Each structure stands twice: as C-alpha cells, then as structure tokens.
Amino acid sequence: MTMMSERQQLSYIASQAADARLNVELETEGMTLNIGPQHPATHGTLRIICRLDGEQVVWAEPGCGYMHRGYEKLTEVRTFPQVTTLVNRIDWLGSFANEVPFILAAEKLMEIEAPPRAQVIRTILFELSRIANVSLFLGDLGVQMGAVTPVFLAFRDREYVLNLIEGATGGRFHPNFDRIGGLKDDLPKGWIDETRQAMVKLREFCDIIEDLLFGNEIFQSRMRGIGIIPADVAKDYGLSGANLRASGVDYDLRRDQVLPMAWDKADWKVWTHPDGDSFARCWVRLQETRESCKIVEQLLDQVPAGPIMTKVPRIIKVPEGEAWVSTENPLGEMGYYVVSKGDLGPFRVKIRSASFNNISIVPWALKGVYVPDIITILASLYFILGDIDR
Amino acid sequence: MIQFAVEIPYWGQSLLRVLGGLVAVLLPAGTIVYLFLFKMMSFMQSRLGPMEAGPYGSLQLVAEVGKWMQKEDLAPDRADKSIFKMAPLVVLTSTFLLVVVVPFGPDAYFTNFSIGVFYGLAVASISVLGILIAGWASANKYSLLGGLRAAGQLIAYELPMVLATLGVVIQAGSMNLQDIVVAQNTGEIFGFGGLGNPFILTQFVGFLIFMIAVQAELTQPPFDMPIAESELVSGYMTEYSGFRFLIFFIAEFATAGVFAFIAAVLFLGGWGVPFDWFSWNSIDDVDDWMNVAGPLIMFTKMLVLTFIIMWVRFSFPRFREDQLQTFAWKVLIPLALANTAVTAILKVTF
Amino acid sequence: MARLSDAPPSTDTDETPALPGDGLREGIVDDLRHRIGDAIIDVHLVPNDDLWVRVRTDAWRQTADALKAAGFTFFGFLSGLDWLPSPFGKGEEDPTAEPEEPDTEIRQGVTGGDTRFQVFARLVDLDRHVGITVKADVPDDEPVVESWTTVFAGANWHERECHEMFGIGFAGHPDLRNMYLPGDFEGYPLRKDFPLLSRMIKPWPGIVDVEPMPTADEPPPESLQEGSAS
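Criteria and cut-off values
- Residues numbered from 1 in each chain as written.
- Chains lettered and ligands numbered in written order.
- Predicted model: local features only at pLDDT ≥ 70, side-chain atom pairs only at ≥ 80, totals over all residues.
- Heavy atoms only, no water.
- Contact = heavy atoms within 4.5 Å.
- Salt bridge = Lys/Arg side-chain N within 4 Å of Asp/Glu carboxyl O.
- Helix = DSSP H or I, 4+ residues; strand = E, 2+ residues; numbered from the N terminus.
- Nonpolar A, V, L, I, M, F, W, Y, C, P; charged D, E, K, R; others polar.
- Pairing = 2+ DSSP bridges.
- Axes fitted to C-alpha atoms, helices over the stretch in contact; angles between N-to-C directions.
- 1 Å grid on protein atoms, 1.4 Å probe; cavity = no way out; pocket = protein on both sides within 12 Å on 5 of 7 lines; lining within 4 Å.
- Points joined across faces, edges and corners; volume = space filled by probe spheres on them.
- pLDDT = per-residue confidence, 0-100.
- Phe/Tyr/Trp six-rings, centres within 6.5 Å; stacked < 30°, edge-to-face > 60°.
- Buried < 20%, exposed > 50% of the residue type's maximum accessible area, 1.4 Å probe, protein only.
- Lys NZ or Arg CZ within 6 Å of the ring centre and 35° of its normal.
- Disulfide = S-S within 2.5 Å.

Residue-level contacts link 25 residues of chain B with 33 residues of chain A. The interface formed by chain B and chain A includes one salt bridge. Between D373(A) and R320(B) there is a salt bridge whose closest N-O contact spans 3.1 Å. Broken down by secondary-structure element, the contributors of at least two residues to the side of chain B that touches chain A are α1 (10-44), α6 (141-172), α10 (229-232), α12 (290-315) and α13 (321-349) of chain B. In terms of residue count, α6(B) provides more of the side of chain B that touches chain A than any other element does, four residues in total. Broken down by class, the residue content of the side of chain B that touches chain A amounts to 11 nonpolar, five polar and nine charged.

See below:
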C-alpha cells in the first residue's frame, strides 16, 4: 500500500483546484456579437445584435435608427411638390419608384389623372428603377458570399440604366421627375431607341448572373433550404414584394389593383416560387428583372403622343381628404397614406416602406441559424437602410 | 553543391542559400500578387486594375509595400501583445521552412532530405498555429470566430493533402523530392518516354485532391470561412494593420506560390523536362545549364498552378463551415484513401 | 363620396352621381357588422376604391381578430394620427403679412373621431385584392390601446414606432422600447406640438400664394409644364 507523502497530497489538491478553475473559466455562455452598424455585409448602417452559442444564433435583434431622418415630420412642413424631393431618398437605388405612390395619392385627392403619355412614361421609368435596383441586388448577392466577380458585372450593366434615367430626368440617383398631374419634362430625342438597346444588354446580364451565380453549386448549397419563411408567417409580418411571392403567395400590386399607370398595357407574368427559402427570393427577383425588361420593351412601343402634364395650377392646393396609394416598388409594397386639409402641403403622411416590414421578420427568421446564414438571409430579404429608417 | 571554379566557404554557401530562399519565397509572392491579383482578377471583372503606379501599374506592389510599411504599429489594448506580434511571423516562417525542401535543379536545392515530403507536410501545419494565435490574441470576437473556424478547417484539410501525396510517394518509391522529380522525368508511359511520366496523369485524382486541399490550406475562396470578408470583416487578420498585415498578406501569396512549387514537383515533373529529350539516363547525366533553366521551368509551372488557384478564388462563393467540413471528411478523405489503395495495388501488380 | 347608410346612395345635386359599387366592399362591411356588431362607429366607403372603418377603442384587437378571420391576413401597417393643427405653422408665411390666427380646432378626418389621437391600421385581403383601413380613437386622458401583436406578429415593430413617435401605449406588447430614437430621448416627435427644430431655427424663405384650379373656359396658363412651387 502506498501512502502519498504530504507533499504529494498537497500537489494533488493543488492540481485539482487548478483543474476546477480551468473548468469554470472554460464554462462558455453565449457570446454576443454585434454585426454592424459598420460592416461590409449590411447595406448601410444596420446593426444586428446576435447572441451566439458557438456558431449558432440563439436570438438576433436588428437595431435600426442609425439613418432615421424623420421623414414623416418633415413632410408636414413642406408643400406637395417639395415632398417629392424628400421622398426620392427613401429607397435611393430605385428612387423614381418612391415618388410615384405619393404623386398618385395627391392626384387621387385632387381627382385628376395624368395624361396617357405621362402614365406610360411613368411606368417605364418605374420599371427602369426596378431594374437598376434589383440588378445591384443580384451583384451584391455574390459579394455577401465571397464571389467577388458578379458585383462588377452588375455595376457595369447598371450603368446603362442609370444613364437612361439620367438622360430622361437629369439625375442618376435622385431623379425628382414626377409632378402632380404628369411629369416635369418630355423624353429627349433618341431615348426610346437607347432604352431598347439597353434592355437587350440587361437581359444578357441576367443570363450571365444566372450562369455565374445561380448555377453555382456552392451558391445553391448556401441558399437552398436556408431561411424558409412560410406564407402565413410572411403575411403576418407584412412581407411584400419578391419576399412574399417567393413563399408562394401570388400577389403583385401592379396586377392586382387599378391605378392610373400603364402596367395593364403590357403582357407580363407574375413569378412565384413555392419554397420560401433564400434561393427562392433571389430567383424570383432575377425573373422579375427579366420581366421588367419585357414590360419596358412593350411599353416603349406604345408611348402615345400627347401632353405630358394636365392642367394644374402653378401652386397646388390639394383638397381635404385622405388617400392611400401603394405600388409594387422594387423592394416590396410601398405606400403613402396622405392626409390633406386643403393646404399647400400635407397634414400627415404615413410612409409605409417595404423594408421596415421585411426586416421585422429577422428576429423570427434568424433563430437557430449559423453565422454565415445570417448574412445570406439578410441578403436575400434585401433591404435598403433608407427604406427601413425613413 | 555545384562545382564552382571558386571555392565558396561554408558561410558563403549559407548566405547564398538564405538569399535564394528569400528570392524563392518573395518573387513568387510578388508575381502572383501583381499578375493574378491585380491584373487577372481585374480583367475577369471587366475592369483594368491598378494603372497609375508605373507603366500599367507594375510598380503598384512597391507602392503597396511602402504604404503598409509606413503605417503605425497598432495593437488592440486588450490583446495579448507578445503573441499578437508573433503570429504573422509564425505564418511566414512556415513558408520559408517549406521552401527549403523544394528542388529547383539537379544541384540547385537548399537541402536534400531523404524524407522531404514528410518534412514538408509537417512544416506546412505550423501556419495553423500562427492563424490560431492570431485569432485568439486579437481580443476581438470576429477574430476569434475566424481563428476557430481556421483551426477546424485547416486541420480537416491537412489529411486529404497528406493522403494525396501518399499516392505520389508510392508511385515514385521515395519520399525524397529530388527522387520524385527524377522518377517522373525518367519514367515512361507504355514505353513512350517523350513525355516522361508526370504523376498528374496517373494520379489525377490525387492531383485534384491536392489542389483542393491547397486551396483550403491557403484559406482562399471557396474555403475562406476564416476570413469571410462579408461576415467577419477580415477574420483572424481583422486587428492587424501596417507591417504585420503586410506579413500576413505576403505569407498568403508566398504560401500559394510555395504550395504550387510543391505541387509542380509532385505532379508536374518539377524542374525537369523529360530526360528523353536530351538522352539523359539519370540525374548524374543532367547538364549544368539545367541549374539555371530549372528554376525558370519551376517558375512557369508554379504560375500555371497558381493561375488555377486564383481563378477558382475569384469565381466561387464560399462554403459554410459545416459544408466545408462535410466536404473534407466525407468526400475528400475517402476519395484520397481509395486513391492510395488503388495506387498501391497497381504499383505492386505492375 | 358615398356614406354607407341604410338608404341606397343618393345622388347629390352638386356632385356627379356616385359610381355603382360592385358590392365587394359593402359585403365586407356587412360581414364585419356580423362579427363585431356595434363596435363599428363609422364607415366611409368609396365604391370600387377604398374602405375606411372606425371602431370603438375597446374593440381594437377584436376588430383585428375579426378581420383576420374574414380573410384580411396581410398586415400592411399600423400607425397613429394626431389631429391637432400644428401651432408652429410651416414657417412659410409671408413675413410682411399679418400673422394669422393659428387654427386650434381639432378636426378629424374621414371617419370622424372624438379624440386628438387616433390609431389606424391597414390590412389587405390578398385573395380578393381589397384592403381596409381601420381607425380607432385613443382616449385623451390615458392614451393606451390594445396591442395587435397576438394577432399579427408584424405589428410588433409598428407599435414600437407608434409609441415612440406619438406616445400611444399598447397594452400587451411584449417589448415596447424605442425603435429609432435613443433610449433617453424625451418627448414624442410626431406629435404636432413637438416642434421641428430646423424650421424654428431657420424659417423657410419661400413666400407662396394661391391660384385656383384652371377651369375649362379659362385660357391655359403659359407654362403647361411648370408644376413645381416657386
């Protein structure tokens, strides 16, 4: 029988204590990781606070407001035409599309309609802004996952559309072109032919992206089956646009409501996907871009002659009333609830922006996913910070 | 050592070896960075790349090195300073140690270990340590995530690399890299000696596995989870700036070059051309001018292989780390084992 | 614009005759009356166009349940309305003219109302392609309404924003903290009596006048294209 010497006993106890200390120190609880507000992956200053267990998310919470500019308060001190300038900057990638619902709401309250030529050109510019917006999304999708090449192709081909928008409106990013009763100016000479050529290039771009990115096995394995949002959850949260259609809900505001715009003059299709995962959302957007090219090409053949603006007074006073108009913007459903008291400017404007609802689903969607999937789910939901924060 | 007319003392030879090592590591790094990273990547992305510094941007590298070197030497406040500073050097050291076994000519080598392959693979794993301690010592959650991912990934992909090399060793019959080169260049394919017997032809599976494993060892996309620029900013390199980042940067591309050297030696015939072309029969027959042509041939082969590595890097998105691990453990390792088994069987029967 | 009442829509002498509705929105209102009965205080229906319903404050969540069961499953938005005219004006008045008496009368909008604050929401039925705007008064003394988060999960963020902007409380909301503003912000910005500081500091320099709508027999103004304010 061996007896441990006292020295051995003491050293044994000491080593046990050291082990115990190490165990306590190694006891891991969740790690709180801040993604953003400065981060390469977030489209702007969005902050996602995640609690991680290893690499899995236990809960995640977006913290927005870094870009809150107080638009709804600002509209109360502006006249109706001044609000157009303001509203351009909500979704700055597809800016023309932000002006349209507001102008339509004001025209609804004034009970006037833009002349047919203006309606068609408005629709064309609306679809061009959608193409500009979503083509950047398609390029950005690669970068979120490490494929650095598609984004350069996207920026190169987007230039065609931005040049067109600049040619017609004078502004690449903030056209500020819509006016109550019509548009500010008519189209420049040669614009229609240029647009036709640009649409051909944009279709080629969609094909390239589909080959390069969507056909890639790694892309598919990163996106398929990730971030599945069932249709009833999507409707509960008010998800709109491609996010809703990717969950299988066949709802497109261009087709499903009557507005004085020209979508019914073109023959186009609404794309849905039954899966509801990240891949579905990206795929639906790709098809929608192609569909937009189709709409633009058809409408270019149908631009009627005529005035570009109805008769409205120089200083516009909108009669008393309330109106709600929403359109299918590139990011989703964007709407304006305009309350007017017969003044020069609105009494209250509630801006329903698509990304606000799209991102409100993030706490639900990010439970239990891995850290890389946070980025891909956010990328597929597609938001613009100006749209969330207004 | 080459028979010079002048007898070079031992310290002179060592100095020449050190200089040669520096050139062998830094020259590929510089070439890869300029040629592939700046120019080829830009052309593939339909842009021009750096054009300002020097004609066609050729001095961009000089500008970059100068920029990095004159930056402030920062370390985060809570970082473990000594380890933080040591990490980039560990990574670079493993590259230098690795290039030591690469033969550039019949007599142009730094060392001629009889177990060169074994040594090379062992030394290549030292960089894992460097990355791990960089991730941990940075006192940054992003770096920690990057370092842990790197640990898992790099260890997982060591095995396919080793197993792929096993096939080559079996076929060549030796672990000495010089012998492997000679075996490829003196070999014959079905009696036709004009091409030698580059092991890429018989070991194509092994070559594929080796290149994939190299892509993963270099943490290049599609295996760049440890860096994962869109999630972890820069992974384990996030907190590094200035000269230390330059070391990481050089180490990344230098290691790519050195691994390409090793792959060229193992699979493409190394510094040699098929000995049949000059009617040499063994390494003693090889002329002395091969000691000058050999490095050039190695350089060319290295560029070809690095081109493939970089091309894949710019095109693919990245794997998620569990998909990456699945790929290594469930696909590459069984494949590599099967390759080894088949090689052994065929070697014995033929 | 027709008001839904027991009598069929009558043509007013000074307005164009109302468009025939297609019965859809009328049917929705009838269905809602069956479900929540006397909680409906007022209905404003524009045939073929839009539908507003004002309900009693204590039936706010009940309305949400009823509408969701009736098929309005898509949550549009939820926000607040402050009917007090702004005491600060717009900072656009002509500085040479007499300052006008500020208007302090609270006049609610389309479906009427009794209180200064109202909360309103928009729901859409995706199958029938029709939307409905519901409003409810918020009591002046204790501005709290029921939360919709149990019915529509998406209402969570909207109620947080409404709370921080208007000060309307939502009973039953799990986590009513600020959405955009920092945690220690005081005041409720979208209330009309919360000043817009930038206009306080620097009034807008434009002076505006008013022209009436051009009628048919008037010659058109010179610039047909000009629509922007000076």
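Having seen the structure, we can now continue with the description.
Residues and elements named next belong to chain A. Strand order across the open sheet formed by three strands is β6-β7-β8, with antiparallel pairing between neighbours. Among the strands making up the open sheet, the edge pair consists of β6 (321-328) and β8 (348-352). Put simply, the sheet's adjacent strands are angled 10° from each other on average, direction ignored. Across eight bridges, β6 lies against strand β7 (residues 333-340) in antiparallel orientation. Residue pairing in the sheet places V325 in a bridge with Y336 of β7.

Residue and element names in this part refer to chain C. Within the open sheet, the five strands sit side by side as β1-β2-β5-β4-β3. Their pairing is mixed. With partners counted over all chains shown, the strands left at the sheet margins are β1 (40-46) and β3 (74-82), one partner each. For this sheet, the mean inter-axis angle between neighbouring strands, taken without regard to orientation, is 20°. Relative to strand β2 (residues 50-55), β1 runs antiparallel, the two being bridged by six bridges.

Residue and element names in this part refer to chain B. Summed over all chains, the structure comprises seven cavities of 30 Å³ or more. The computed volume of the largest cavity comes to approximately 210 Å³. At the level of secondary structure, the elements contributing two or more residues to the lining of the largest cavity comprise α3 (81-99), α5 (126-137) and α11 (243-268). For the lining of the largest cavity, the class distribution of residues is 11 nonpolar, four polar and two charged. By volume, the second largest cavity is sized at about 90 Å³.

Moving on, we get to the environment of K68(C). Tracing the backbone through its elements, the reader meets K68(C) in helix α2 (residues 60-69). Residue contacts for K68(C): discarding those within four places in its chain leaves D236(A), T73(C), V151(C) and F152(C).

This paragraph deals with the confidence of the model for chain C. Reading predicted coordinates in detail is not appropriate for stretches of low pLDDT. Residue and element names in this part refer to chain C. Of all residues in chain C, 70% have pLDDT values of 70 or greater, and the mean over the chain is 75. Overall, residues 1-19 carries pLDDT values under 50, and its contacts beyond four positions in sequence, including any with other chains, amount to 13 contacts. Ignoring residues within four places in sequence, the model shows residues 223-230, a span with pLDDT below 50, making 19 contacts including any to other chains. Interface scoring of the predicted complex returns ipTM 0.84; its pTM is 0.81.

Here we take up the packing of aromatic side chains. Going through the model one piece at a time under the given rule, you end up with 39 aromatic pairs over all chains. An angle of 65° between the planes, with centres 6.5 Å apart, marks the rings of Y337(A) and F77(C) as edge-to-face. Highlighted residues: Y337(A) in strand β7 and F77(C) in strand β3, drawn from two different chains. With relative accessibility at 0%, the residue Y337(A) sits in the buried group. Residues F104(B) and F110(B) carry aromatic rings whose centres are separated by 6.2 Å and whose planes lie at 80° to one another, so their mutual orientation is edge-to-face. An aromatic cluster is present here, built from W324(A), Y337(A), F77(C) and F120(C) joined pairwise through their rings. In this arrangement the basic side chain of K201(A) is found over the ring face of Y160(A), its NZ or CZ atom lying 4.5 Å from the centre. The residue whose ring lies beneath K341(A) is F347(A), and the NZ or CZ to ring-centre distance is 4.9 Å.

A few words on the state of the cysteines. All names here are of chain A. Applying the stated rule across the entire model yields zero disulfides over all chains. The structure places no disulfide on C50, whose sulfur is separated from the nearest cysteine sulfur, that of C64, by 14 Å. Residue classification places C50 among the buried positions, given a relative accessible area of 0%.

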